[in-house]
2 protein chains.
Amino acid sequence: MEDVTGKSLECQKIMDGKVTNGNGREKVIPSCCLKAKTSDPELEAQCHSTVVSGWFSEFQSGSDKACKKLYFNNPMWPGEAHALEVENILFKGKSEYQEVMVFESASYGKVLVLDGIVQLTEKDECAYQEMIAHLPLCSIPSPKSVLVVGGGDGGVLREISRHDSVEHIDICEIDQMVIDVSKKCFPQLAVGFEDPRVHLHVGDAVEFLRNGKQGKYDAIIVDSSDPVGPAQELVEMPFFRMIAQALRPGGVLCNMAESMWLHTHLIQDMISICRQTFKDVHYAWTSVPTYPSGVIGFLLCSTEGPKVDFSNPVNPIENVGHPKSKRELKFYNSEMHSAAFALPSFLKREVQALNDAPASGKNGCISS
Amino acid sequence: MEDVTGKSLECQKIMDGKVTNGNGREKVIPSCCLKAKTSDPELEAQCHSTVVSGWFSEFQSGSDKACKKLYFNNPMWPGEAHALEVENILFKGKSEYQEVMVFESASYGKVLVLDGIVQLTEKDECAYQEMIAHLPLCSIPSPKSVLVVGGGDGGVLREISRHDSVEHIDICEIDQMVIDVSKKCFPQLAVGFEDPRVHLHVGDAVEFLRNGKQGKYDAIIVDSSDPVGPAQELVEMPFFRMIAQALRPGGVLCNMAESMWLHTHLIQDMISICRQTFKDVHYAWTSVPTYPSGVIGFLLCSTEGPKVDFSNPVNPIENVGHPKSKRELKFYNSEMHSAAFALPSFLKREVQALNDAPASGKNGCISS
């Protein structure tokens, strides 16, 4: 697209990276996106600023030393960071899988950081948790059986619990430490674990799905961290195939899917993979201030079977039952649900281009 | 609303400030919001972190000194900042009104900074400029006469120019330096000044309106900086009254209106003022990564006269004419237009509360 700077709406497309995709073909991709496919997260982490752990810095305004403030800088993508003022570090630990930290921020409440990347803050977690749960669950009638991949903070479970029709919730989280820390520091998220319909499985999601029953779930929600380290496999074709097999006909997947401002081609990659696996593929997005570029995206996919109209919720949240926790929805509502599928023109064109290109597998169609 | 932290969805409501509103009544407001009403911006700037000028900081990842990077930290609201990596400072100057700076960032293109606050970046300006222009202009049939208050970078003019029905565009910008710097550093925005329908007035908008003709404009767009310093008057009642008088019956105002995540009560204040002045008042929002919390809001108001349905564009952008610059819309489209009026539940409730409270003037109604 015409652009004076060449920098506006695309990531740093310096095509200096190569990767072999699932079909054995080599593909040239920007090096900044190798991080999503690297087989050596440690090496990538050392040489790529986007996965440099967040750093602490001090700022003193004026000559008054009492005005010195400590900030945690959350690295985002090349060339930017979001700094949150730190009041207190509450927890620092290292699990088998990642470094875990919790700090009290000046204006966003408590903050959960995994491997130096902010995962959630008390102030804006409502946007992410409510949207990732209700976008899929309000799109199908009476969901009964739900799987959550990741989500060890419990927030998605809290949201699923609003749905009286749900009878069984499996959650597969790889890192026990995340669960423990959430129960200790984020009780308003970890309350999700208290629902008697929840069955917790601590372990690898790929293994869990491999051993699981086919066609079991009405909905699967993939609430993962960025696709480096423990979540690396969760953006690859084999995983999406397992997801599709674990869903019933007309079942739905909702997957965390990056920022439309920063990595449209990562999104295109995920859409391409999903088109080969699912009947319908949609992209939605919402505002989450503490995520890179202030937004997060979601891929909504449905399997062959009864058609799912994702953008017009057939199971509106107002009808799903009395909230057991009596916690009001802070963010999600039916208008926000439909609005989430409206895409800015730059993304709409890129999604349309995928629609026009032949799919190499199933004849999936992406709606925008 | 129920909230464990008490910090989640509201600004730092330490009610330690008092202000006299337009009716002579004293009102208690959080001190952080005094900045919007202060009569002494300098004093406020010194003691409040939200209007501390952005600061430069260095970050060195690892032991390799070649990896040292310079960041500009854009202060947002209490306790956070957004850091952009600086490649080059292109301009630094001081006008009669404010400090003006332009730098080349690593990943957002060139950045315009006024009084230490980021105003626009090349990467994401499209979202703001396109929405603030087309939300009002696509809501009314064949707008002919348009006024822009502020907007000295030219971006809003560029967008208005797409509308073939428009015959006359007045722009009133207080600071000639902003115009000059934009023409030099942001040609893809300043191109807006080249349209022959544009009539530039350098000066104070309140004076301009005071001396102007009543009922002249179909639409007025207020593209201001934050309401401290030169833009301070632009959030006060007398200004909105002048705007209403300058609009024809059924004319529309679109005003930049803060972040829904950070200052819902500032938004409530603006809505309350507008309810007393306009027939209908609506709030919309969109994603702009480099603005505080990654969003910006817009107040859309219409005067007594033919009803305006803001959320369903009667003058869709696809029909407004051949873009003279042949620059594709990067962000705005009719779906994004309608979607912008979907409000998160926390804001919807606060707007509804305003609807339920009696207006002290006109019986305006806010739609959400």
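Residues numbered from 1 in each chain as written. Chains lettered and ligands numbered in written order. Predicted model: local features only at pLDDT ≥ 70, side-chain atom pairs only at ≥ 80, totals over all residues. Heavy atoms only, no water.

- By the naming in an unreviewed UniProt entry, chain A goes by PABS domain-containing protein and is assigned to Cucumis sativus.
- Recorded under Sequence similarities (unreviewed entry), the UniProt text for chain A is reproduced unchanged: "Belongs to the spermidine/spermine synthase family." (UniProt positions renumbered as here; feature names shortened; annotations may be inferred.)

### Things to note about the confidence of the model for chain A
Residue and element names in this part refer to chain A.
Then step 1. Per-residue pLDDT for chain A has a mean of 81; in total, 73% of the residues score no lower than 70.
Then step 2. pLDDT under 50 marks residues 1-52. Its contacts with residues more than four places away, or in other chains, come to 114 contacts.
Then step 3. Scored below 50 in pLDDT, residues 360-368 shows 28 contacts in the model against residues more than four places distant or in partner chains.
Then step 4. Interface confidence for the predicted complex, given as ipTM, is 0.83, next to a pTM of 0.83. (pLDDT = per-residue confidence, 0-100. Contact = heavy atoms within 4.5 Å.)

### Notes on the pairing of strand 6 (residues 99-105) of chain B
Residue and element names in this part refer to chain B.
Then step 1. Burial analysis of strand 6 places six of its seven residues in the buried class, the great majority of the element.
Then step 2. Between strand 5 (residues 80-94) and strand 6, which pair antiparallel in sequence order, lie four residues.
Then step 3. The antiparallel hairpin formed by strand 6 and strand 7 (residues 110-114) contains four residues in its connecting segment, where glycine 109 sits at a positive phi of about 70°. (Buried < 20%, exposed > 50% of the residue type's maximum accessible area, 1.4 Å probe, protein only. Helix = DSSP H or I, 4+ residues; strand = E, 2+ residues; numbered from the N terminus. Pairing = 2+ DSSP bridges.)

### Here we look at the pattern of salt bridges
Pairing of side chains with opposite charge becomes possible as their charged atoms draw close.
Residue and element names in this part refer to chain B.
Then step 1. One pass over the structure, following the stated rule, counts 30 salt bridges over all chains.
Then step 2. Of the charged contacts in the structure, one is a salt bridge between glutamate 99 and lysine 94, with a shortest N-O distance of 3.9 Å.
Then step 3. Judged by relative accessible area, which is 40%, glutamate 99 ranks as partly exposed.
Then step 4. Here lysine 216 ties to aspartate 170 by a salt bridge, and the two come within 3.2 Å at their closest N and O atoms. Of this pair, lysine 216 sits in the loop between helix 6 (205-210) and strand 12 (217-223) while aspartate 170 is found in strand 10 (residues 168-173), placing the two residues 46 residues apart along the sequence. (Salt bridge = Lys/Arg side-chain N within 4 Å of Asp/Glu carboxyl O.)

### Some words on the nonpolar core
Then step 1. With 188 residues, the main nonpolar core has A:Ile160, A:Ile220, A:Phe278, B:Ile160, B:Ile220 and B:Phe278 as its most contacted residues.
Then step 2. Among residues more than four places away in sequence, those in contact with A:Ile220 are A:Leu147, A:Val149, A:Ile243, A:Ala246, A:Leu247, A:Val252, A:Leu253 and A:Cys254. (Core = buried A, V, L, I, M, F, W, Y, C linked by side-chain atoms within 4.5 Å.)

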